[in-house]
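Understanding the architecture of this molecule
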Amino acid sequence: DTRTTAPASVCFPPGFAWGAASAAYQIEGATAEGGRGPSIWDTFAHTPGAILDGDTGDVACDHYHRYREDVALLAGLGLTHYRFSLSWSRLQPGGRGPLNPAGVAFYDRLIDELLSRDVLPWVTLYHWDLPQELEDAGGWPERATAHRFAEYAEAVHARFADRVRSWTTLNEPWCAAYLGYASGVHAPGRREPAAAVRAAHHLLLGHGLAVRAMRARDDSGSFGITVNLYPVDSAGDPPADADADADADADADADADADADAARRIDALMNRQFLDPLLRGCYPADLLGDLAHVTDTGHIEDGDAEVIAQPLDFLGVNYYSRHVVRAGRPDSGASTPWVGSDDVEFVGRGLPATEMGWEIDPDGLHDVLVRIHREYDAPPLYVTENGAAFADEPEPGGQVPDPRRIDYLDRHFRSAARAIADGVDLRGYFVWSLTDNFEWAWGYARRFGLVYIDYPTQRRIPKDSARWLAAVTRRNGLEGVP
Ligand code: PNW
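Residues numbered from 1 in each chain as written. Predicted model: local features only at pLDDT ≥ 70, side-chain atom pairs only at ≥ 80, totals over all residues. Heavy atoms only, no water.

As recorded by an unreviewed UniProt entry, the protein carries the name Beta-glucosidase and is attributed to Nonomuraea marmarensis. Note on the protein: under the UniProt heading Catalytic activity (unreviewed entry), the record states "Hydrolysis of terminal, non-reducing beta-D-glucosyl residues with release of beta-D-glucose." Reading the Sequence similarities (unreviewed entry) entry of the UniProt record for the protein gives the comment "Belongs to the glycosyl hydrolase 1 family." (UniProt positions renumbered as here; feature names shortened; annotations may be inferred.)

Focus: the site of the ligand
Taken together, 18 residues lie around the ligand, and Gln26, His127, Glu385, Glu439 and Trp440 are the ones closest in. Here an oxygen atom of the ligand and a side-chain polar atom of His127 are 2.8 Å apart. Tyr320 places a side-chain nitrogen or oxygen 3.3 Å from an oxygen atom of the ligand. Considering only residue class, the shell around the ligand consists of 10 nonpolar, five polar and three charged. (Near = heavy atom within 4 Å. Polar contact = N/O pair within 3.5 Å; in protein donor to acceptor, adjacent residues only side chain to side chain. Nonpolar A, V, L, I, M, F, W, Y, C, P; charged D, E, K, R; others polar.)

Focus on the packing of helix H8 (residues 173-181) against helix H10 (residues 246-279)
Interaxial distance between H8 and H10 falls to 10 Å at its minimum, and their mutual angle equals 130°. With respect to H10, the axis of H8 lies oblique. H10 is crossed by H8, and the crossing has right-handed handedness. Contact with H8, carried on its side by Pro173, Trp174 and Tyr178, involves Leu269, Met270, Gln273 and Phe274 of H10 and no other residues of that element. For the contact of H8 with H10, the per-class residue count stands at six nonpolar, one polar and no charged. (Axes fitted to C-alpha atoms, helices over the stretch in contact; angles between N-to-C directions. Helix = DSSP H or I, 4+ residues; strand = E, 2+ residues; numbered from the N terminus. Parallel < 35°, antiparallel > 145°, perpendicular 65-115°, else oblique. Left-handed = near helix turned anticlockwise from the far one by under 90°. Contact = heavy atoms within 4.5 Å.)

Here's the deal with the sheet that holds strand E2 (residues 17-21)
In spatial order, the strands read E2-E3-E4-E5-E6-E8-E11-E12; together these eight strands close into a barrel with parallel pairing. Neighbour-to-neighbour, the strand axes of the sheet open up by a mean angle of 25°, direction not taken into account. Relative to strand E8 (residues 314-318), strand E6 (residues 222-228) runs parallel, the two being bridged by five bridges. Within E8, the residue paired with Val227 across the bridge is Val317. Strand contacts of helix H9 (residues 193-217): strand E4 (120-126), strand E5 (166-171) and E6, with the helix running at about 165° to E5, the strand carrying the most contacts. (Pairing = 2+ DSSP bridges.)

Concerning the pattern of salt bridges
Per the stated rule, a full pass over the model turns up 45 salt bridges. Among the ionic pairs, Asp276 bridges to Arg280, the shortest N-O distance being 3.5 Å. Look at Asp276 and you get buried, because its relative accessible area is 6%. Between Arg447 and Asp436 there is a salt bridge, and its shortest N-O distance comes to 2.6 Å. With Arg447 in the loop between strand E12 (426-432) and strand E13 (451-454) and Asp436 in the loop between E12 and E13, the pair connects residues that are 11 residues apart, well separated along the chain. Accessibility expressed as a relative area gives 0% for Asp436, which makes it buried. Members of the salt-bridge network, linked through shared partners, are Asp261, Arg264, Arg265, Asp267, Arg272, Asp286, Asp290, Asp343, Arg371 and Glu375. (Salt bridge = Lys/Arg side-chain N within 4 Å of Asp/Glu carboxyl O. Buried < 20%, exposed > 50% of the residue type's maximum accessible area, 1.4 Å probe, protein only.)

Written as structure tokens, this is what we have:
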């Protein structure tokens, strides 16, 4: 612990929304039931070598059959909000046309169960599971996919808007575009940098078209998007001054400039590529310059900027860590998500990390929230994901002590409270994740849950962090640490 003073108690604003989050492919299983069609994640997970240990989402947490128990766990924690995603290929098996009645019936049951326990459903329309038929037609690099997404959103909204008030179009378009189409570590596993840039644009376009279509039906709901943001710092020391030797100073200055430029480029790709078109109505000019040698802008049509910049009722922010970068050598050959910037090195700072290898940096959450507040005309913010993978296992007595997760959440909650004190209009916080689940490329080998899942029996065991979170939500705040 690097704290210098013991934290005082903190209170969150009245009505602050406490919740937990999940995503369809990570929990549902039942991938061939109820008329569900295949998605790119079914195809990818069944590709040998794609997922650690050959894991797939075929069964996952069997939430499709056990949703009642999962909703009971959630309500038992005193959580009032549940962020989950709809499986597009459960609702439209081929990615277009009328909704599949059995898919609708499942989400009807889930939503009604949540409402009966006074938990508000926060629906995400797309958490990465594109219907395979749409990928076969080209996927997100094709403009038509944005239109299919808007049609899907409109049909789903028409069916559920009587009970669902909060609509998030996309989860983390950066991941969907760059891990899916550039580095290839996520579905559909393509390694085509130019296609990834087009995918990012068509995801944003699909978001705008979807918001427009849903609002045209009924404007009374709440519409937003979730992006994953990182503060990006330069590793370069600030230029040395004073009396040291002038040549060495000049070298150090040049290095620091190159590092600062690396940080600018990664910030553009990671953060501003999404925040600027959503909240300011245009792409950052420096990003378009950086990407000019990857692809031209022929896929960006007149009017797209206006569609993407639909007014939003909230912005969801997912936060996990900070990036620290320096200029390095071009690393051609390896497939990276950092399209056009494969010469940037990511620098470890030697901080304690979670089992994802992500360094724990609670201040970074404060920094991204304050940055949005200061640099953009932003709608109310929600932390739609934050959480940690740690491998704690049940003890013989049945408890699952996970002190590192409690400490992680405690420090991030305090950082969020500090952002609120600095003027950020933060309205709620969703912990990732309610239960352990299918952690994408890592399969079941990484556990983010507040609730442990014993996969062979599908038994659910609340971890100590779940009970701790229940006390936080009850009190709407944190106690001081003596
Ligand atoms: C997010 N990265 O994924 C997703 O929204 C969740 O579905 C996921 O389980 C959670 O965070 C934990 O991983 C990310 O490589 C995956 O930067 C990868 C990255 C970021 C977020």
